[in-house]
Amino acid sequence: MAKSTALQSGARARLRTLSVLVAAVALALTACTGAGQQAPAPSGAPTAGATSAAPAPAPEETRTLVIGATAEPQTLDPTATDAAAGPQALLYNVYETLVRLDAAGDLKPLLAQAWDVTPDRLTYTFRLNPAAQFSDGTPVDAEAVAKNIERIQTGTTAPKLKNQMEVVVGTEVVDATTLDVTLSRPSVTWLFDMAGAAGIVMNPEGFDAAGSETAGSGPLTLDRWTPGDSIALKRNDAYWGTPARFDEVTFRYFKDPNAMNASMLSGQLDIISNLQAPETIDQFSDEGRFTIIEGSTEGEVTMAINNGAAPEGVPAGTGNPALQDVRVRKAITMAIDRRALLDTVWHGKGTLIGSMSVPTDPYYEDLADLHPYDPEEAKRLLAEAGHENLTLRLRPPTLPYATKAAQFIASQLGAVGITVQVEELQFPRQWIDTAMTNADYDLTIVSHVEPRDVATYANPAYYWRYDNPAVQEAVRKAGEGTIEEYTTEMRNAARIIAEDAASVWLFALPNLVVTKEGVTGVAENANSSLSFDVTTIAKA
Amino acid sequence: MFRQLLGRLGIFLLSLVAASFAIFVITQALPGDVAAVILGHGATPEQLAAKRAELGTDRPFLVQYLEWVTAMLGGDFGRSWFSHLPVTTLMAPRLGVTGSLVSGGLLLAVLIALPLGAVAALRRRQWPGLLTSATAQVGMAIPAFWAGIILVFVFGVLLRWLPPNGYVPLGRDPGRWASHLVLPVVTLGVIQAAVLVRYVRSAFLEVLAEDYYRTARSIGWTKWRALSRHGIRNASLSLVTVLGLQLASVIVGAIVIERVFVLPGLGSLLLDAVATNDLVVVRGITMVLVFAVLLINAAVDISYVLIDPRLRAREAS
Amino acid sequence: MKRAELWVGLALVTAVVAMALVSFVWTPFDATAVGSGPRLQSPGLPHVLGTDHMGIDIFSRILVGARSALYVGIIAVGIAALVGVPLGILAAWLPRWGAEAMMRATDVAYAFPALLLAILLAAVFGASTETAMVAIGIATIPAFIRVTRAGALSVLASDYVLAARAAGTPAPAIAVRHVLPNVAHLIGVQASVSFAMAILAEAALSYLGLGTPPTVPSWGRMLGDAQTYLFGHPTQALWPGLAIAAAVLGFNLVGDGLRDFLDPKLREVA
């Protein structure tokens, strides 16, 4: 997997790091995506005149949709950074990809009507929809797609996307609607990545101005961008597929979850894309006015344990040597009542997990009870390891959920005789520098929202400082194998790190969406495309 | 008098230099290497050197300062470290937001504080005056953001009379612009008025102690007549000074209010830049805010010289 | 009336100090242990003011929070007074041009209000209680310089100081023996008012996420946290808000009351 090699170059590492963190700030606001639950998806293989459930709007009435979101894009080019905010607003709405991810996490045609893979899994042939055109009327042809793949590889695009596209060795334009893409090695993940920001097909005319203008082929186009406030999209009247149901779709950005709630309660918003303060969910309990959707995200709130590996080329780290003893790590895991923690920190919403994997992963295995809450056993393990008087530094970033969880964990570890010193690190800079870069911590807490991030345990330089050849081997095999091998090996890796208590996986973040009465079609789960797909949404 | 005006101008310019230097020193004091902060860990020495050269942080401190100032004089506040957009581009659309909020808040504060301050001074021993003073004391003790949140709760959420937050530019829809500004302006204005009432009261009290007021009263003028004849004009001098001083606190108050009401103004931009450690942006906005305060203070100073005959006479002597 | 102001102020300040002192020896519940009660409870028994989102007793937290409020105030005002008072006396002593330059410098400093300076310092050094206190302290220095200088000027012109100078008493001795005692009341008034301002500024910074970390019980932080629950549990935001308002009101009233009490000229007018 590209992920395990992500730390090779400095700049890349920095941006990779940030992606986890930016997402952590937004706390898995990432997105809800895919085809809707209630409304039929119009874009399976959209052709002009495809049937749609959208009620025909009255001609004089402006149909608007206002979505409250947390993280605001710094640029309108979703490929320029790996922040979740760009794809959230623009992917599938303004920009389209060859293939898309639906709500179930399956690949569906979008710009490509169909695709074939050679038996050696090295060459993909995409057949583009001949109707597809950019908002200025130019057709989306094979040439344009090839230029976009090249741009991701060589342009000023996010290192994360470059890593995803690294496996591509060549493209060949067969004819206007047929494109061959050749990979250097078989990859299970590449086509999934192509359904996200890496696969965006932008009008090549718009490459230069991508940061401040959009040049997509989707059902919406940019109306105006007000930094610090909102991004307003308007209907693309020349859309080649099923037209948008809304004349205007606005993403409004809120730093303060309370302000977002106030806006929703006052009726200004139609949707809260992901509730940032789950304890406030009761405010929306009026079923006549609001609907609450509880789904899942790819995010794991993890308490990192400094496992103490010190590979060459990275700072040595300052982890307490006691943490290299698996008994101590198990004791820490067993000393924490994660159910009670979830109730306190995230209002009981979310799922308890036992490894770096969420229930929507194809390789998921429920390991939540592998090391159950048992303070007596924890004390026994600590005594056996000879660490009855352990003092650990818990250094959470200054993020609300992390500091709350830290308070809780400090209290519980104290009960089994571990003295915990809580020292907050200013987020992002101080935390990245101290915890992530220099591994100068014993314990820390952050939410990891990248998909398939179990692979980070195969990188001893990652801030877990976890060095286990068995995991590295499994992750390597997974990346190059077939779908079946991938699933087996990833499950294997997730199980090994769980048995090793390499970290404490506190819970999987839920996707909590609030909609106004009458809004339907919002996807339940957030998936790795990061898109908040409005094409499936309808409003009565 | 011309000489005094020149002197004031000189002081203003010197103040600007001192303030800009202070801001520069503070923002350069970032522990560690800026290039390393931007690039993150694992950056090669070559990459770091290239970044330092790009940022100019490899040059002597004074040279960097002078370059920053020179560029600002030409309207160039640098580019954001992370979004790479010019700071002026980031600030431009937000000036109107902060401007509307600050001027609205200040205006409202004056409209409330003038009559209440007069009442507090003239009826200082009776219940209207006592009540006014007491209310002002309580008002000063309330955190502005708390007041704002409560207003949002009552008028935005419970009653739904006004939008709880957000902003619409004046040019797009004047009606919605106004409705979105009501709650923030009221919050800012009322809290500032509480402070201002006290100054207005003491300004009037000073007038009441002056000879001309006593004379007017002794020849049978009513309090109100004596005060409106002599008082307002004389009190307004000290009020102008107070307003100048207050402006700084109104601008800073606006930073918090913008966060409460999700207004895309300079304050929000500043706080966002602080959150991402984008010091170029932080530096630029701080400079603009401090410039505004110093400019107003200079204007107050100059108007003082122009208005007050006593001061003019004293300076001339 | 003016006496009443002073007494009310003193009563409030005493209450805050008493809360802080009591919290060292007794709180009804542990103010930091998570889950000392069910979460988000309304006022009642045994939690008189209810519990917060972590199940911590709010009354206990308010008591301990008084310490933070006083701590912030004492350090910030301490910094301001320690730097501002000597500079103020110096400014009174300096020849005219020197004093002029110094007062102009304080004018420039006035353009950096406490909150702006705190935001600036937080951007560079990271947010913490310490950064906030230092910023508030520095921003308050000019006020102390002005007040001290004004008082010191009149003391320096008095007969006994002139006599002492004529007798060859060294300047530092005059400053300590004659000037300081005679401006102490002015400094006391300023300290009281600045104390109130420091508490307000800390609350605003905590709301912005640039102040006290959550593990330390602080009124500003409690208020910031509580606003999340405002719509469902309004009393959560009520108690820390009242505590802040009471403390600020108390210190402001003491400041005003002291000023009027000590300054006969003003008393006559009022």
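Everything numeric here is computed off the predicted structure, so don't read it as measured data.

J.: Which parts of the structure should I look at to understand the overall build of chain C?
T.: Counting its secondary structure elements, chain C contains 10 helices and zero strands. Starting at the N terminus and ending at the C terminus, chain C contains elements arranged as α-α-α-α-α-α-α-α-α-α. For chain C, the spread of C-alpha atoms along the three principal axes comes to 75 × 45 × 35 Å. Per-residue burial over chain C gives 55% buried out of 270 residues. Residue pairs in contact within chain C that sit at least 24 positions apart in sequence constitute 70% of those at least 6 positions apart.

J.: Quick question: what am I supposed to make of the interface of chain C and chain A here?
T.: Where the parts come together, the accessible area they lose is often given as the size of the interface. In this complex, chain C contributes 21 residues to the contact, which on the side of chain A involves 21 residues. Approximately 1,700 Å² of surface area, both sides summed, lies buried where chain C meets chain A, with 54% of it carried by carbon and sulfur atoms. For the pair chain C and chain A, the number of links is zero salt bridges. Our enumeration of links across chain C and chain A arrives at zero residue pairs in polar contact (both at pLDDT 80 or more). Partitioned by chemical class, the residues of the side of chain C that touches chain A number 12 nonpolar, seven polar and two charged.

J.: Help me understand a nonpolar patch on the surface, please; the structure alone is not making it clear to me.
T.: Residue and element names in this part refer to chain C. The grouping of V17, L21, V22, F24, V25 and W26 at the surface amounts to a nonpolar patch, some 630 Å² of accessible area in total. Its place among the elements puts W26 in the loop between α1 (2–25) and α2 (58–93). Given the relative accessible area of 48%, W26 is considered partly exposed.

J.: Even after reading the chapter, I still don't get the side chain of E489 of chain A, so can you show me in this structure?
T.: By the element assignment, E489 of chain A lies in helix α13 (residues 483–499). Setting aside residues up to four positions removed in sequence, E489 of chain A forms contacts with A474, K477 and A478 of chain A.

J.: How should I be thinking about the sheet that holds strand β6 (residues 123–128) of chain A in this particular structure?
T.: Strand pairing within a sheet occurs via backbone hydrogen bonds; the two strands may be parallel or antiparallel. Residues and elements named next belong to chain A. As summarised here, the arrangement of the four strands in space is β5-β6-β8-β7, forming an open sheet in which the pairing is antiparallel. Of all strands in the sheet, those with a lone pairing partner are β5 (112–117) and β7 (168–175), marking the two edges. Geometrically, the sheet is characterised by an average inter-axis angle of 20° between neighbouring strands, direction not taken into account. Where β6 and strand β8 (residues 178–183) come together, five bridges link them in antiparallel fashion. Each bridged residue has a counterpart across the sheet, and for T125 the counterpart in β8 is D180. Against the sheet, helix α3 (residues 142–154) engages β6, β7 and β8, with an angle of about 165° to β7.

J.: Can you help me understand the nonpolar core in this one?
T.: Here is a general trend for soluble globular proteins: nonpolar side chains tend to be buried in one another's company. Judged by nonpolar contacts, the single largest core of 155 residues is most densely connected at F145 of chain B together with I119, L210 and W219 of chain C. The biggest single contributor to this core is helix α7 (residues 171–207) of chain C, with 15 residues. Formed by 80 residues, the second largest nonpolar core is a distinct cluster that contains L413, V420, M436 and Y466 of chain A.

J.: Teacher, can you tell me more about the environment of P78 of chain A here?
T.: Residues and elements named next belong to chain A. Topologically, P78 is positioned in the loop between β1 (64–69) and α2 (85–90). Distance in space between the C-alpha atoms of P78 and D500 is 38 Å, their sequence separation being 422 residues. Ignoring sequence-local partners within four residues, the contact set of P78 consists of G86, P87, L90, Y95, L161, A197 and I200.

J.: What am I meant to see in the confidence of the model for chain A here?
T.: Low-pLDDT stretches of the model should not have their predicted coordinates read in fine detail. In this model, chain A carries a mean pLDDT of 85, and residues with pLDDT of at least 70 account for 89%. Contacts for the low-pLDDT stretch residues 1–58 of chain A, under 50 throughout, to residues beyond four places or in other chains number 173 contacts.

J.: Would you take a moment to explain helix α8 (residues 338–346) of chain A for this structure?
T.: Structurally, the α-helix is built with 3.6 residues per turn, so residues lying three or four positions apart point the same way. All names here are of chain A. All of the buried residues along α8 are R338, L341, L342, T344, V345 and W346. Here α8 starts with a cap whose side-chain oxygen sits 3.3 Å from the backbone nitrogen of R339, and that cap is D337. Positive backbone phi, approximately 55°, marks H347, located one or two places after α8.

J.: Help me understand the interface of chain C and chain B in this model?
T.: At the junction of the two partners, chain C supplies 43 residues and chain B supplies 48 residues. With both sides pooled, the region where chain C packs onto chain B buries about 3,900 Å², and carbon together with sulfur makes up 79% of that total. Run the count over chain C and chain B and you get one salt bridge. Salt-bridge contacts for D256 of chain C lead to R198 of chain B; the nearest nitrogen and oxygen are separated by 2.4 Å. Going through the elements one at a time, α1, α3 (96–110), α4 (114–125), α7 and α9 (235–262) of chain C are the ones with two or more residues in the side of chain C that touches chain B. No other element matches the 12 residues that α9 of chain C contributes to the side of chain C that touches chain B.

J.: So what exactly am I meant to see when it comes to the pairing of strand β17 (residues 443–448) of chain A here?
T.: Consecutive side chains along a regular strand alternate between the two faces of the sheet. All names here are of chain A. For β17, the tally of buried residues reaches six of six residues, placing the bulk of the element in the interior. Of the strand pairs in this sheet, strand β14 (residues 290–305) and β17 are connected by six bridges, and their pairing is antiparallel. Paired with T302 across the two strands is V446, which belongs to β17.

J.: Help me understand the packing of helix α5 (residues 87–122) of chain B against helix α8 (residues 174–208) of chain B, please; the structure alone is not making it clear to me.
T.: Angle between the axes and distance between the axes are the two parameters that describe a pair of packed helices. Residue and element names in this part refer to chain B. Between α5 and α8, whose axes approach to 4 Å, the crossing angle comes to 35°. The way α5 lies across α8 gives a crossing that is right-handed. Class assignment for the residues of the contact of α5 with α8 results in 27 nonpolar, six polar and one charged.

J.: Sorry if this is basic, but what is going on with helix α8 (residues 219–226) of chain C here?
T.: Residue and element names in this part refer to chain C. For α8, a buried count of seven out of eight residues is recorded, marking the element as mostly surrounded by other parts of the structure. When α8 is considered as a whole, its buried residues turn out to be W219, G220, R221, M222, L223, G224 and A226. For α8, the side-chain oxygen to backbone nitrogen distance between the N-cap and G220 is 3.3 Å, and the N-cap itself is S218.

J.: How should the pattern of salt bridges be read in this particular structure?
T.: Once their charged atoms are close, side chains differing in charge can pair, the charge on each being opposite to the other. Using the criterion set out here, one finds 36 salt bridges over all chains in the structure. Taken together, the salt bridges that share partners define one network made up of D325, R327, E377, R380 and E384 of chain A.

About the criteria used
Residues numbered from 1 in each chain as written. Chains lettered and ligands numbered in written order. Predicted model: local features only at pLDDT ≥ 70, side-chain atom pairs only at ≥ 80, totals over all residues. Heavy atoms only, no water. Helix = DSSP H or I, 4+ residues; strand = E, 2+ residues; numbered from the N terminus. Buried < 20%, exposed > 50% of the residue type's maximum accessible area, 1.4 Å probe, protein only. Contact = heavy atoms within 4.5 Å. Buried area = accessible area lost by both parts, 1.4 Å probe. Salt bridge = Lys/Arg side-chain N within 4 Å of Asp/Glu carboxyl O. Polar contact = N/O pair within 3.5 Å; in protein donor to acceptor, adjacent residues only side chain to side chain. Nonpolar A, V, L, I, M, F, W, Y, C, P; charged D, E, K, R; others polar. Patch = residues over 30% accessible without salt bridge, like charges linked within 9 Å, V, L, I, M, F, W, Y side chains within 5 Å. Areas by Shrake-Rupley, 256 points an atom, 1.4 Å probe, with all protein chains shown as cover. Pairing = 2+ DSSP bridges. Axes fitted to C-alpha atoms, helices over the stretch in contact; angles between N-to-C directions. Core = buried A, V, L, I, M, F, W, Y, C linked by side-chain atoms within 4.5 Å. pLDDT = per-residue confidence, 0-100. Left-handed = near helix turned anticlockwise from the far one by under 90°.

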